[in-house]
Amino acid sequence: MEYALSGDPDAQALFDEIMAHELFHCLTRSHPDFRARMYAILGFTVVDEDYDFSQEIRERIISNPDVERHNSHAAFDIGGEMVDCAVIFTTGRPFEQPGDSFFELGVTGLVPVDDLGTMYTAEDAANFWDVFGRNTDYVIDPEETLADNFAMTILYGPDGREYQSPEIIAAIDALLKSGTAKAAA
Ligand SMILES: [Zn+2]
């Protein structure tokens, strides 16, 4: 936390963004209804049960303490067909060399919910960036993308910045100001 106390405005902004981002994870963890409403902003539907991925896919998933569940899906345009897919974070190849990092090898995978042994990648989906929006590059899971968008919304508001996907910020802002969000959170 030293940098946050250094008086450097950039460091302070970064610190605030991380805190707001993590706050989102706390909220979704303890308030499933809030989580479902937030995920719906990106077009994700949350279901009750986690998907029972094939063993091969399960073994490839890079675990992330912020992403506790794989129980949401959105419609992705795969070869001109809209396919309901869950999103996972995986690797393009195994970690083999010293210095291999999941930031470089990481791949966002799309697994059709009616074919849990198949995986497409973000590049296979023509509407990938339409779903996740372009406010952040942190697009490994709706949980992380929404955490960044949530942070921007509460720190800067809909009018506080130029957003590439302002509709996401506006929708989060509206949800947070609605009685529903208050009741849920
Ligand atoms: Zn996170």
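The rules behind the values
Per-chain numbering applies: the sequence of each chain, read as written, is numbered from 1 onward. In view of the model being predicted, local features appear only for residues whose pLDDT reaches at least 70, and side-chain atom pairs are presented and counted only at 80 or more, with totals across whole chains, interfaces and linings using the full set of residues. To obtain the side-chain values, all non-hydrogen atoms of the structure were used and water was disregarded. Working definition: helices are DSSP H or I runs of at least four residues, strands are E runs of at least two. Numbering for both runs from the N terminus. Here the term buried applies to any residue with accessible area under 20% of the maximum for its type, exposed to any over 50%, and partly exposed to those in between, with areas from a 1.4 Å probe on protein chains only. Any two residues having at least one pair of non-hydrogen atoms within 4.5 Å are treated as being in contact. Keep in mind that water is not among the atoms, so a site may look incomplete; donors are the N, O and S atoms within 2.8 Å of the metal, or 3.2 Å for Na, K and Ca. A four-donor site is classed as tetrahedral when every donor-metal-donor angle falls between 85 and 135 degrees; four donors are called square planar, and six octahedral, when trans pairs exceed 155 degrees and all remaining angles lie between 65 and 115, with any other arrangement labelled irregular. Whenever a carboxyl oxygen of Asp or Glu lies within 4 Å of a side-chain nitrogen of Lys or Arg, that contact is scored as a salt bridge. Pairing between strands is defined by DSSP: at least two bridges between the two strands are required.

With respect to the overall build of the protein chain
Right, so step 1: Secondary structure summary: the protein chain contains 8 helices and 5 strands in total.
Right, so step 2: Across the protein chain, helices and strands are ordered from the amino to the carboxyl terminus as α-α-β-α-β-β-α-β-β-α-α-α-α.
Right, so step 3: Taken over 185 residues, the protein chain has a buried fraction of 44%.
Right, so step 4: For the protein chain, restricting intrachain contacts to residue pairs at least 6 apart in sequence, the fraction spanning at least 24 positions comes to 56%.

Some thoughts on the coordination of the zinc ion
Right, so step 1: Protein coordination at the zinc ion comes from His-21 (NE2), His-25 (NE2), Asp-66 (OD) and Glu-144 (OE), with a distance range of 2.0 to 2.6 Å.
Right, so step 2: Coordination at the zinc ion is irregular: its 4 donor atoms span angles of 85 to 147° at the metal.
Right, so step 3: Each donor residue of the zinc ion belongs to the same chain, with the gaps between them written as H-x3-H-x40-D-x77-E. Of the two residues, Asp-66 sits in the loop between helix H3 (55-60) and strand S2 (72-78) while Glu-144 sits in helix H6 (residues 142-156), which places them 78 residues apart along the sequence. Across this residue pair, the class does not change: Asp-66 and Glu-144 are buried.

Digging into the pattern of salt bridges
Right, so step 1: According to the stated counting rule, one finds 7 salt bridges in the structure shown.
Right, so step 2: With a shortest N-O distance of 3.2 Å, Asp-33 and Arg-37 are connected by a salt bridge. Taken together, the residues Asp-33 and Arg-37, both in helix H2 (residues 32-41) and 4 residues apart, mark about one turn of the helix.
Right, so step 3: Of the residues examined, Arg-37 reaches a relative accessible area of 35% and is grouped as partly exposed.
Right, so step 4: Among the ionic pairs, Asp-173 bridges to Lys-177, the shortest N-O distance being 2.9 Å. Pair noted here: Asp-173 and Lys-177 are both in helix H7 (residues 166-177), with a separation of 4 residues, about one helical turn.
Right, so step 5: With a relative accessible area of 15%, Asp-173 lands in the buried category.
Right, so step 6: Residues participating in the shared-partner salt-bridge network are Arg-29, Asp-66 and Glu-68.

Considering the sheet that holds strand S4 (residues 106-112)
Right, so step 1: On the basis of which strands lie adjacent, the open sheet formed by 5 strands has the order S1-S2-S3-S4-S5 and antiparallel pairing. Of all the strands in the sheet, the pair left with one neighbour each is strand S1 (45-46) and strand S5 (120-121).
Right, so step 2: As paired strands, strand S3 (residues 81-91) and S4 are joined by 7 bridges and run antiparallel to one another. What sits directly across from Val-87, in S4, is Leu-110.

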